[in-house]
Amino acid sequence: MSTPLRLSRSIVGQAEAEAVSRVIIEDGYLGMGSEVKRFEEDIAAFLGVPANHVITANTGTAALHLAVQAAVEPGREVLVQSLTFVASFQAISAAGAVPVACEVRPETCTIDLDDAARRLTDKTAAIMPVHYASNPAYLDDVYAFAQRHGLRVIEDAAHAFGCRHDGRLVGTFGDIACFSFDGIKNITSGEGGCIVTADQTVAQRCRDARLLSVENDTEKRFTGQRSWDFDVTRQGWRYHMSNLMAAIGRVQLSRLPGEFGPARKALAAIYREELAGVPGVTLFATRPEDDIIPHIFVVRIDAARRDAVKEVLAAAGVPTGMHYKPAHLLSFYGGGRTCLPVTEALYHEIVTLPLHPGITAEEVRVICAELRKALAA
Ligand SMILES: Cc1ncc(COP(=O)(O)O)c(C=O)c1O
């Protein structure tokens, strides 16, 4: 491996630079305007939904926060797996709602509905399934559970842009899905994210709240104007996307089907092939390979050896990660007051291996050889 391996990175180049340069030189307006409108239209066309189902934001966390605020009253509870990025929890608490930490199913790291059922109260208003490592997993069961208990579903689909559930693109069915376009996701707009929903009450609330809840400001900005005489009836935020970000996002989106998607899928397939049956490594269950564009590749390593294996890999030039420290262990979310044994056990087993379209098939094979060597030592 000649250049240092990276766990993840942005894959951007000339086309993104030209798109940004076009906005700077030709458009002359870097803030939220027509390029953001075009990005929302492009996302809608990619997903096959009407353009008014898509609302961009300046991060995936902002998208989640807007969605929770639009769909859940303050003080109500949201069921969410603890094994997620803290952004899921922060988005819920920022909206004045209460994140209720749930277990995950060990074979997929997605929410355990039996455990979630035990945590239902008369305050429960929503469930936030996290499509861990891009896998929507048992999403039908989540929707059936939500229907049984009268809950909203806010999908944390940060990892899952372009992924399918039983052949249908995430975001094109269901209640509310939130994606992230941060620097290392399946596509990036620098930072960024979006909400996708058919519920036009939620959509309009998100659209307004991203611009300080100035009513219908989005519609004005998309035509190069802004509101001067307006009303505000709800709390809002400065969460809108800029034309600069949208320009990058549009190029990235055009590269997903022919370039990023196939590259990520092919590298994950090599990991699976190389690591299947290796003693000491457990692979997570996956969907049919073609449904998933994997944002990260995570394996389980026996907890007693996990940290030593990570160190051996680091010494061999293979960076690894850990997605994630469970949120219920963080001081702000109870500091471990809740006991989640499955999640806590997984926390000591998970290892994220390098995955991005800048890695070659040969590098993945070398990484797997180093991992086998580390386990055999
Ligand atoms: C599971 C999950 N949820 C939410 C987010 C937040 O997205 P962003 O980084 O765009 O704010 C991330 C980003 O890493 C994530 O991995």
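Keep in mind it's a predicted model, so treat the numbers as computed, not measured.

Turning our attention to the packing of helix α10 (residues 303–315) against helix α12 (residues 361–376). Following both chains from N to C, one finds α10 and α12 inclined at 130°, their axes separated by 9 Å at the closest point. It follows from the interaxial angle that α10 and α12 lie oblique. Remark: the crossing between α10 and α12 carries right-handed chirality. Where α10 approaches α12, its residues Arg305, Val309, Val312 and Leu313 are matched on the opposing element by Glu370, Leu371, Ala374 and Leu375. Across the contact of α10 with α12, the residue classes break down as six nonpolar, no polar and two charged.

Along any regular strand the residues' side chains alternate between the sheet's two faces. Across the five residues that make up strand β6 (residues 124–128), a large majority, five, are buried. By the bridge criterion, four bridges tie strand β2 (residues 77–81) to β6 in an arrangement that is parallel. Looking at β6, one finds that Leu79 is bridged to Ile127. Inspection of the sheet shows β6 paired to strand β7 (residues 152–156) by two bridges, in the parallel sense. From the neighbouring strand, Ile127 faces β7, where its bridge partner is Val153.

On to the UniProt feature "active site" (unreviewed entry) in the protein. Per the UniProt record, "active site" (unreviewed entry) is found at Lys185. Structurally, Lys185 is set in the loop between β10 (176–180) and β11 (193–197). Within the structure, the side chain of Lys185 is placed 2.9 Å from the side chain of Asp182, a separation counted as a polar contact.

Attention now goes to the pairing of β2. In terms of residue burial, β2 counts as a mostly covered element, since five of its five residues are buried. Here β2 pairs with strand β3 (residues 98–102) via five bridges, running parallel. Across the sheet, the residue bridging to Leu79 is Val100, located in β3. For the crossover from β2 across helix α4 (residues 86–94) to β3, the handedness is right-handed.

Let's shift gears to the UniProt feature "modified residue: N6-(pyridoxal phosphate)lysine" (unreviewed entry) in the protein. This chain's UniProt record puts "modified residue: N6-(pyridoxal phosphate)lysine" (unreviewed entry) on Lys185. Residue Lys185 is classed as buried on the basis of its relative accessible area, which comes to 11%. The contacts of Lys185, once residues within four sequence positions are left out, are Ala158, His159, Ser180, Arg264 and His295.

What follows concerns the sheet that holds strand β13 (residues 297–301). Here three strands make up an open sheet; going across it, the order is β12-β13-β14 and the pairing antiparallel. Edge positions in the open sheet fall to β12 (281–283) and β14 (350–353), since each of these has one partner strand only. Strand-to-strand twist in this sheet, taken as the mean axis angle between neighbours without regard to direction, amounts to 40°. In this fold α10 packs onto β13 and β14, with an angle of close to 25° to the strand it touches most, β14.

Moving on: the domain arrangement of the protein. Considered domain by domain, the protein is made up of domain 1 (14–250) and domain 2 (256–376). Put simply, the middle of domain 1 and the middle of domain 2, counted by C-alpha atoms, are 25 Å apart. Counting from both sides, the interface comprises 37 residues of domain 1 and, opposite them, 33 residues of domain 2. Between domain 1 and domain 2, the buried area comes to about 2900 Å², and carbon and sulfur atoms account for 60% of it. Summed over the shared surface of domain 1 and domain 2, the number is zero salt bridges. Scanning the region where domain 1 abuts domain 2 turns up 17 residue pairs in polar contact (both at pLDDT 80 or more). Listing elements by their share of the side of domain 1 that touches domain 2, those giving two or more residues are α4, β3 and β8 (164–165). In terms of residue count, α4 provides more of the side of domain 1 that touches domain 2 than any other element does, four residues in total. For the side of domain 1 that touches domain 2, a count of residues per class yields 19 nonpolar, twelve polar and six charged.

A few words on the sheet that holds β2. Reading across from one edge, β1-β11-β10-β7-β6-β2-β3 is the order of the seven strands in this open sheet, with mixed pairing throughout. Either end of the sheet is taken by a strand with one partner, and the two such strands are β1 (54–57) and β3. Taken pair by pair, the neighbouring strands of this sheet meet at an average axis angle of 25°, ignoring direction. Sheet analysis places β10 next to β11, joined by five bridges and oriented antiparallel. When the bridges of β11 are listed, Ser180 appears paired with Gly193.

The geometry of an aromatic ring pair is captured by the separation of the ring centres together with the interplanar angle, meaning the angle of the planes. Inspection of every chain in the model, using the stated rule, returns eleven aromatic pairs. Note on Trp237 and Tyr239: the rings are 5.8 Å apart at their centroids and 15° apart in plane angle, and the pair reads as stacked. Given the relative accessible area of 19%, Tyr239 is considered buried. Arranged with centres 4.7 Å apart and planes meeting at 15°, the rings of Tyr271 and Phe297 form a pair that is stacked. Pair noted here: Tyr271 is in helix α9 (residues 243–275) and Phe297 is in strand β13, with a separation of 26 residues, a long-range link. Residue classification places Tyr271 among the buried residues on the basis of a relative accessible area of 0%. An aromatic cluster is built from Phe39, Phe46, Phe161, Phe179 and Phe181, whose rings are joined through pairwise contacts. Residue placement shows Arg105 over the ring face of Tyr138; its charged tip is 3.7 Å from the ring centre.

Definitions and cut-offs
Residues numbered from 1 in each chain as written. Predicted model: local features only at pLDDT ≥ 70, side-chain atom pairs only at ≥ 80, totals over all residues. Heavy atoms only, no water. Axes fitted to C-alpha atoms, helices over the stretch in contact; angles between N-to-C directions. Helix = DSSP H or I, 4+ residues; strand = E, 2+ residues; numbered from the N terminus. Parallel < 35°, antiparallel > 145°, perpendicular 65-115°, else oblique. Left-handed = near helix turned anticlockwise from the far one by under 90°. Contact = heavy atoms within 4.5 Å. Nonpolar A, V, L, I, M, F, W, Y, C, P; charged D, E, K, R; others polar. Buried < 20%, exposed > 50% of the residue type's maximum accessible area, 1.4 Å probe, protein only. Pairing = 2+ DSSP bridges. UniProt positions renumbered as here; feature names shortened; annotations may be inferred. Polar contact = N/O pair within 3.5 Å; in protein donor to acceptor, adjacent residues only side chain to side chain. Right-handed = clockwise from strand over helix to strand, strands pointing away. Domains from an automatic or database assignment. Buried area = accessible area lost by both parts, 1.4 Å probe. Salt bridge = Lys/Arg side-chain N within 4 Å of Asp/Glu carboxyl O. Phe/Tyr/Trp six-rings, centres within 6.5 Å; stacked < 30°, edge-to-face > 60°. Lys NZ or Arg CZ within 6 Å of the ring centre and 35° of its normal.

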